[in-house]
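Each chain, written out:
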Amino acid sequence: MALETSLEKPAPVRAIANAISGWIDRLGAVWVEGQVTQVSRRPGLATVFMTLRDSVADISVPVTCSRVMFDGLATPVTEGASVVIHARPSYYANRGTLSLQAREIRMVGLGELLARLEQRRQLLAAEGLFAAERKRRLPTVPQRIGLVTAANSAAERDVIENATRRWPAVAFEVVHAAMQGHRCASEVIEAVRRLDAHPEVDVIVIARGGGSVEDLLPFSDEGLIRVVAAARTPVVSAIGHEPDSPLLDLVADLRASTPTDAAKRVVPDMAQEASRVREARARIRQAMSARLEREQHTLDAIRSRPVLAEPATVLDARHDELDDLRHRIRRSLETRLDRAADDIDHRRARVQALSPLATLQRGYAVLQDADGHVVTSVADVAAGAGLSVRVADGRVHVTATRTEPIEEHHG
């Protein structure tokens with residue numbers, strides 16, 4: 001039942017605390033699964049204090065149990081152990097804290113752990129986190145490698161030494177994290193996030209030098225799997241094991257069998273690449289030489305042809321043809337010009353024969369009045385009129401004294 005409170009009628013702290021305690025008490029005993037991250041056995045106390053952490057979320061809750069029950073467990077509870085606890089939630093109103101009062105603690109066996117891991121694998125696979133199309137391609141030549149590993153570990157030395165030996169110019173951004181135990185998953189998650197946010201890191205390598213199934217359990221942590229799946233930077237899993245396959249191997253963009261194998265697969269071998277460059281140069285040089293030789297042969301064959309060997313021969317032949325054509329054109333033009341000249345002379349003679357001047361030269365004359373009009377009848381001339389007589393070589397100006405018509409005789 002909800003408390004009725006208002007600004008005018010607020011509830012005291014004790015009422016709220018008692019209400020919370022009542023609500024939690026109604027939850028009753030529950031079975032809880034988690035990982036033990038801390039165990040405290042204080043001298044003189046009959047109670048053992050533990051902290052139980054969630055395997056996915058960053059959530060933990062205090063747990064208390066009797067020393068008698070804790071000491072009577074067949075398998076001692078240690079930090080990092082996976083357990084299932086039957087407990088009753090309790091809220092301590094005086095301190096405002098929540099804890100679980102354990103009534104029974106059961107260790108999660110290896111077989112059960114593997115079964116749960118398989119179930120987790122199936123669920124994550126159904127979400128597509130392990131799909132091949134989600135895998136990102138590693139850079140051919142990474143400038144900076146992000147490395148997540150334990151401090152001063154053999155895995156760290158193997159990755160750095162082998163990668164540097166293969167490609168001396170490569171740089172590393174190393175983030176140390178616990179690689180086993182209850183802090184492993186959370187620290188590796190934080191390291192991956194930090195490196196993924198680094199603008200210069202091209203690829204992230206998570207390296208560990210092998211271990212037992214129990215040691216590798218943090219690398220199947222659901223939280224870690226989701227962080228790796230969401231990373232923008234390609235991730236390489238180099239846990240260093242063969243028989244077992246933690247879920248990190250499935251979600252990573254590349255799985256390396258060992259840290260050394262990761263170094264070999266992340267960066268190219270400089271000596272090998274230099275050898276390939278030399279081989280490529282030799283092949284290119286050989287191909288170019290063969291191409292030049294073929295082209296030289298083709299050029300020699302072209303140059304050996306008569307037309308190119310003695311190009312003047314073709315020019316001389318064309319020159320003779322040109323001379324012959326020139327002579328033929330000249331003869332043709334001369335013939336046509338002669339014909340045209342004859343035709344002009346003939347036409348000139350005809351025109352001259354029809355010319356009035358020719359008539360005048362035969363003794364005829366043309367009589368014109370003062371206005372230049374040709375006089376064709378005596379009726380057009382009055383006595384005393386001035387006239388002009390046109391003869392072959394000039395004009396004669398005369399004055400008419402009289403006119404006399406000529407009578408025509410008809411036979």
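Here, the structure is the one placed above.
Residues numbered from 1 in each chain as written. Predicted model: local features only at pLDDT ≥ 70, side-chain atom pairs only at ≥ 80, totals over all residues. Heavy atoms only, no water.

(A) Seen up close, a nonpolar patch on the surface. The grouping of Leu325, Ile329, Leu333 and Leu337 at the surface amounts to a nonpolar patch, some 400 Å² of accessible area in total. In this structure, Leu337 sits in helix H11 (residues 311-354). Among the residues examined, Leu337 registers a relative accessible area of 59% and is labelled exposed. (Patch = residues over 30% accessible without salt bridge, like charges linked within 9 Å, V, L, I, M, F, W, Y side chains within 5 Å. Areas by Shrake-Rupley, 256 points an atom, 1.4 Å probe, with all protein chains shown as cover. Salt bridge = Lys/Arg side-chain N within 4 Å of Asp/Glu carboxyl O. Helix = DSSP H or I, 4+ residues; strand = E, 2+ residues; numbered from the N terminus. Buried < 20%, exposed > 50% of the residue type's maximum accessible area, 1.4 Å probe, protein only.)

(B) Up close: the packing of helix H5 (residues 184-197) against helix H6 (residues 222-230). At a minimum axis distance of 9 Å, the contact between H5 and H6 shows a crossing angle of 10°. Regarding the angle of H5 to H6, the classification is roughly parallel. Counting all contacts with H5, which are made through Val188, Ile189, Val192 and Arg193, the residues of H6 involved are Gly223, Leu224 and Val227. Taken together, the residues that form the contact of H5 with H6 break down as five nonpolar, one polar and one charged. (Axes fitted to C-alpha atoms, helices over the stretch in contact; angles between N-to-C directions. Parallel < 35°, antiparallel > 145°, perpendicular 65-115°, else oblique. Contact = heavy atoms within 4.5 Å. Nonpolar A, V, L, I, M, F, W, Y, C, P; charged D, E, K, R; others polar.)

(C) Quick peek at the sheet that holds strand S1 (residues 30-41). The strand order around the closed barrel formed by five strands is S1-S2-S3-S5-S4, and the pairing between neighbours is mixed. Ignoring which end each strand starts from, the neighbouring axes of this sheet average 55° apart. Two elements, S1 and strand S2 (residues 47-53), share six bridges in a ladder whose sense is antiparallel. Looking at the pairing, Val36 lines up with Leu52 of S2. Relative to strand S4 (residues 82-92), helix H1 (residues 13-25) is tilted by about 145°, and along the sheet it contacts S4 and strand S5 (97-107). (Pairing = 2+ DSSP bridges.)

(D) Local environment of the pattern of salt bridges. Enumeration according to the criterion identifies 17 salt bridges in this entry. Glu321 is the partner of Arg318 in a salt bridge, and the nearest nitrogen-oxygen pair spans 3.5 Å. A residue pair is termed a helical-turn pair when its members lie 3 or 4 positions apart in one helix, as Arg318 and Glu321 do in helix H11 at three residues. Of the charged contacts, one joins Arg348 and Asp345 as a salt bridge, the two residues approaching to 2.8 Å between their closest N and O atoms. One end of the pair is Arg348 and the other is Asp345, both in helix H11 and three residues apart, which spans about a single turn. Relative accessible area serves as the criterion here: at 42%, Arg348 is assigned to the partly exposed category. Among the charged side chains, a salt-bridge network with shared partners connects Glu127, Glu222 and Arg226.

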